[in-house]
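Geometric and topological summary
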Amino acid sequence: MFSGGQDSTTCLFWAIRNFKEVHTITFTYGQKHSAEVDMAREIAGMAGVDFHLVDIGRIASIGRNSLTDSSIAMDQEKPADSCPNTFVPGRNLFFISIAAVYGREMGIYDIVTGVSQTDFSGYPDCRDSFIRSLNVTLNLAMDEQFVLHTPLMWIDKAQTWELADRLGVLDLVREKTLTCYNGIPGDGCGHCPACKLRNEGLKKYLDSKKNQNGQD
């Protein structure tokens, strides 16, 4: 499952390392920044893997959120008693379910997704309990044995950068991906929640690497 962002790109190269054949699936769903789709297509081409785009319509129009509705001011911090308004209800539920149907038609039962409970930003559909539950549901719904792989589930953003570095794609992830909620590639706008999380993690990792090299 491939959005063209930091996490899914890191997972793409993790998948290439761990599987003989890899296909990507990307979704358009009414998001404000279509540039992420273009970047996903470009990265898939660079990686030499199949790119499949699925338009699932404006699922986000069912509920209001700031990633699809420009009239809503984006939450800069997670509210104490609710999800941030950058949460798109049902998004991962829809995405993973469609990826499973697509995979089944191709005889593919291993699905890789970049969700993380460590840095889940208040999104309930990034939690391990949700992934495990959905994995069981998919297997029951289609009488198959899917495996949902979540390489980033228990690591933070600094460790995600470390993984990208070990996979040899740190510079590619830093320069070619789009994580920013304001649609700015690379290091992004620097002040939206996604950029803060990404950039703080990068700084933490680079500082740690510098200190490690100094000790060596």
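Everything below is about the structure printed above this text.
Our subject in this report is the structure included herewith. What you see is a predicted model; the values in this text were computed from it and never measured.

**Some points on the overall build of the protein**
Helices and strands together make up the secondary structure of the protein, namely 7 helices and 4 strands. Tracing the protein from N to C terminus, the helices and strands come up as α-β-α-β-α-β-α-β-α-α-α. Here the protein holds 216 residues, and the buried ones make up 48% of them. A sequence separation of at least 24 residues applies to 70% of the contacts in the protein between residues at least 6 apart. With an accessible surface of roughly 10900 Å², the protein has 50% of that area assigned to carbon and sulfur atoms.

**Looking at the packing of aromatic side chains**
Across all of its chains, the model carries 4 aromatic pairs by this definition. Ring geometry for phenylalanine 27 and phenylalanine 95: centres 4.3 Å apart, planes at 10°, overall stacked. Linking phenylalanine 27 in strand β1 (residues 23-28) with phenylalanine 95 in helix α3 (residues 91-106), this pair joins segments that are 68 residues apart in sequence.

**Focus on helix α1 (residues 6-18)**
Here α1 spans 18 Å end to end across 13 residues, near enough to the 18 Å set by a 1.5 Å rise per residue. The buried fraction of α1 amounts to 10 of the 13 residues, a majority that puts the element mostly inside the structure. Within α1, the full set of buried residues consists of Gln6, Asp7, Ser8, Thr9, Thr10, Cys11, Leu12, Phe13, Trp14 and Ala15.

**Quick word on the packing of α1 against helix α5 (residues 157-166)**
Packing of α1 against α5 leaves a shortest axis separation of 10 Å and a crossing angle of 40°. With respect to each other, α1 and α5 are oriented oblique. At the point where α1 passes α5, the crossing takes the left-handed sense. Every residue of α5 that contacts α1 at Gln6, Asp7, Thr10 and Arg17 is listed here: Lys157, Thr160, Trp161, Leu163, Ala164 and Arg166. Among the residues forming the contact of α1 with α5, the class breakdown is 3 nonpolar, 3 polar and 4 charged.

**Topic: unusual backbone geometry**
At aspartate 143, a position not held by glycine, the phi torsion is positive, near 55°. Tracing the sequence through the fold places aspartate 143 in the loop between α4 (128-142) and β4 (147-149). Here aspartate 143 falls in the exposed class, since its relative accessible area comes to 70%.

**Things to note about the pattern of salt bridges**
Inspection of the entire model under this criterion finds 11 salt bridges. Residues aspartate 187 and arginine 174 are paired through a salt bridge, measuring 3.3 Å at the closest nitrogen-oxygen approach. A residue pair is termed long-range when its members are at least 10 positions apart, and aspartate 187 in the loop between α6 (170-176) and α7 (193-215) and arginine 174 in helix α6 qualify at 13 residues. Put simply, aspartate 207 and lysine 203 hold a salt bridge, and the shortest N to O gap is 2.9 Å. One end of the pair, aspartate 207, and the other, lysine 203, are both in helix α7, 4 residues apart, so they sit about a helical turn from each other. Classification of aspartate 207 by relative accessible area gives partly exposed; the value is 33%.

**Concerning the side chain of threonine 160**
Along the chain, threonine 160 falls in helix α5. Excluding residues within four positions of it along the chain, threonine 160 makes contact with Gln6, Asp7, Thr10, Leu152 and Ile155.

**Topic: the state of the cysteines**
Going through the model one piece at a time under the given rule, you end up with 0 disulfides. Free of any disulfide, cysteine 189 has its nearest cysteine sulfur in cysteine 180, 3.6 Å distant. The cysteine cysteine 192 is free of any disulfide, with cysteine 195 supplying the nearest cysteine sulfur at 3.6 Å. Of the residues examined, cysteine 192 reaches a relative accessible area of 0% and is grouped as buried.

**Here we look at α7**
In this model α7 runs 33 Å from its N-terminal to its C-terminal C-alpha over 23 residues, within 8% of the 33 Å that 1.5 Å per residue would give. Ala194, Cys195, Arg198, Gly201, Leu202 and Tyr205 are the residues of α7 that are buried. Considering only its buried residues, α7 is in contact with α1, α5 and α6.

Reading guide: rules and limits
- Residues numbered from 1 in each chain as written.
- Predicted model: local features only at pLDDT ≥ 70, side-chain atom pairs only at ≥ 80, totals over all residues.
- Heavy atoms only, no water.
- Helix = DSSP H or I, 4+ residues; strand = E, 2+ residues; numbered from the N terminus.
- Buried < 20%, exposed > 50% of the residue type's maximum accessible area, 1.4 Å probe, protein only.
- Contact = heavy atoms within 4.5 Å.
- Areas by Shrake-Rupley, 256 points an atom, 1.4 Å probe, with all protein chains shown as cover.
- Phe/Tyr/Trp six-rings, centres within 6.5 Å; stacked < 30°, edge-to-face > 60°.
- Expected span 1.5 Å × (residues − 1).
- Axes fitted to C-alpha atoms, helices over the stretch in contact; angles between N-to-C directions.
- Parallel < 35°, antiparallel > 145°, perpendicular 65-115°, else oblique.
- Left-handed = near helix turned anticlockwise from the far one by under 90°.
- Nonpolar A, V, L, I, M, F, W, Y, C, P; charged D, E, K, R; others polar.
- Salt bridge = Lys/Arg side-chain N within 4 Å of Asp/Glu carboxyl O.
- Disulfide = S-S within 2.5 Å.

Limitation: the analysis is restricted to geometry and does not speak to function.
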